[in-house]
Amino acid sequence: MIFEKLIAFVGLACAMPLSAQMPDAEAMRAEQRAAMEAFAFMDGEWRGTVTSQGPEGETVLTQTERVGTMAGGVVRIVEGRGYADNGDLEFNAVAMIAYDPMADEYVMTSTAQGFTARPWFRPTENGFEWGLTSGPVTFTYEAVVEDGRWAEDGYMQFGEEPRRKFLEMRLERVADSDWPGAGVVGPE
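None of the values given here were measured: they were computed from a predicted structure.

K.L.:
An account of the nonpolar core is needed here, citing residue identities and associated values.
P.N.:
Counting 27 residues, the largest nonpolar core has Phe39, Met42, Ile97, Tyr106, Phe121, Phe128 and Trp150 as the members making the most contacts within it. In terms of nonpolar packing, the next biggest core, distinct from the first, is built from 5 residues, Val74, Ile77, Ala98 and Trp179 among them.

Take a look at the structure:
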């Protein structure tokens, strides 16, 4: 009996510091929602063009983006689609942006053309920027979103060489959207 009480006491003593260190989940979600409000200007549907320079030369597509929140407003989902003149889907990407209150930083996961990346992501005065390094190449994207217009430029830099622009996206906001929250699968 004494041994059982000792085990229970040790278990309680070990659990107390752990529970004291556990963050308040609701306070964390509130902090995440507040941080994600910095990007509410992105929500909705957007349409315009994207011009990119690649090994095959210049490509111009009709570009659409739709943006909205999920998980109670703690993440923002962005889906981009690029269409050829004949309407064929040539490019499709999706990204999830969130705020990590434990690390005090925004995080992003994106998937496009079969590749998944975890680029850095941060707000700017009138938009955002993001990027990543892959081998000797650094990709940086700078977006300005103002007055219903989204202008985003992509740059690539090989090692210490000067960076060069390879992508230009120009969009206009065309509609509000309740995507991706609308159409959820309910319990019945």
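That shown, we press on.
K.L.:
Account for the pairing of strand 10 (residues 149–158), naming residues and giving values.
P.N.:
Relative to strand 10, strand 9 (residues 137–146) is paired through 10 bridges, and the arrangement is antiparallel. Paired with alanine 143 across the bridge in strand 10 is glutamate 152. Here strand 9 folds back onto strand 10, and the loop between the two strands holds 2 residues, one of which, aspartate 147, carries a positive phi near 50°. As judged from the 8 bridges shared by strand 10 and strand 11 (residues 164–175), these two strands associate in the antiparallel manner.

K.L.:
Provide a residue-level description of the packing of aromatic side chains, including the pertinent values.
P.N.:
Evaluation of the coordinates by the stated rule reveals 11 aromatic pairs. Residues phenylalanine 39 and tyrosine 106 carry aromatic rings whose centres are separated by 5.1 Å and whose planes lie at 85° to one another, so their mutual orientation is edge-to-face. With a gap of 67 residues between them, phenylalanine 39 in the loop between helix 2 (25–36) and strand 1 (44–54) and tyrosine 106 in strand 5 (residues 105–112) connect regions that are remote in the sequence. Seen in terms of ring centroids, phenylalanine 128 and tryptophan 150 are 6.0 Å apart; in terms of plane orientation they differ by 80°. Their pairing is edge-to-face. With a gap of 22 residues between them, phenylalanine 128 in strand 8 (residues 127–134) and tryptophan 150 in strand 10 connect regions that are remote in the sequence. For the pair phenylalanine 128 and tryptophan 150, one class covers both residues: buried.

K.L.:
If you had to explain the environment of tyrosine 106 to someone new, which residues and values would you point to?
P.N.:
Under the relative-accessibility criterion, tyrosine 106 is labelled buried at 16%. For the pair tyrosine 106 and methionine 36, spaced 70 residues apart in the sequence, the C-alpha separation amounts to 8.8 Å. Separated by 2.8 Å, the side chain of tyrosine 106 and the backbone oxygen of alanine 35 make a polar contact.

Calculation rules
Residues numbered from 1 in each chain as written. Predicted model: local features only at pLDDT ≥ 70, side-chain atom pairs only at ≥ 80, totals over all residues. Heavy atoms only, no water. Core = buried A, V, L, I, M, F, W, Y, C linked by side-chain atoms within 4.5 Å. Buried < 20%, exposed > 50% of the residue type's maximum accessible area, 1.4 Å probe, protein only. Pairing = 2+ DSSP bridges. Helix = DSSP H or I, 4+ residues; strand = E, 2+ residues; numbered from the N terminus. Phe/Tyr/Trp six-rings, centres within 6.5 Å; stacked < 30°, edge-to-face > 60°. Polar contact = N/O pair within 3.5 Å; in protein donor to acceptor, adjacent residues only side chain to side chain.

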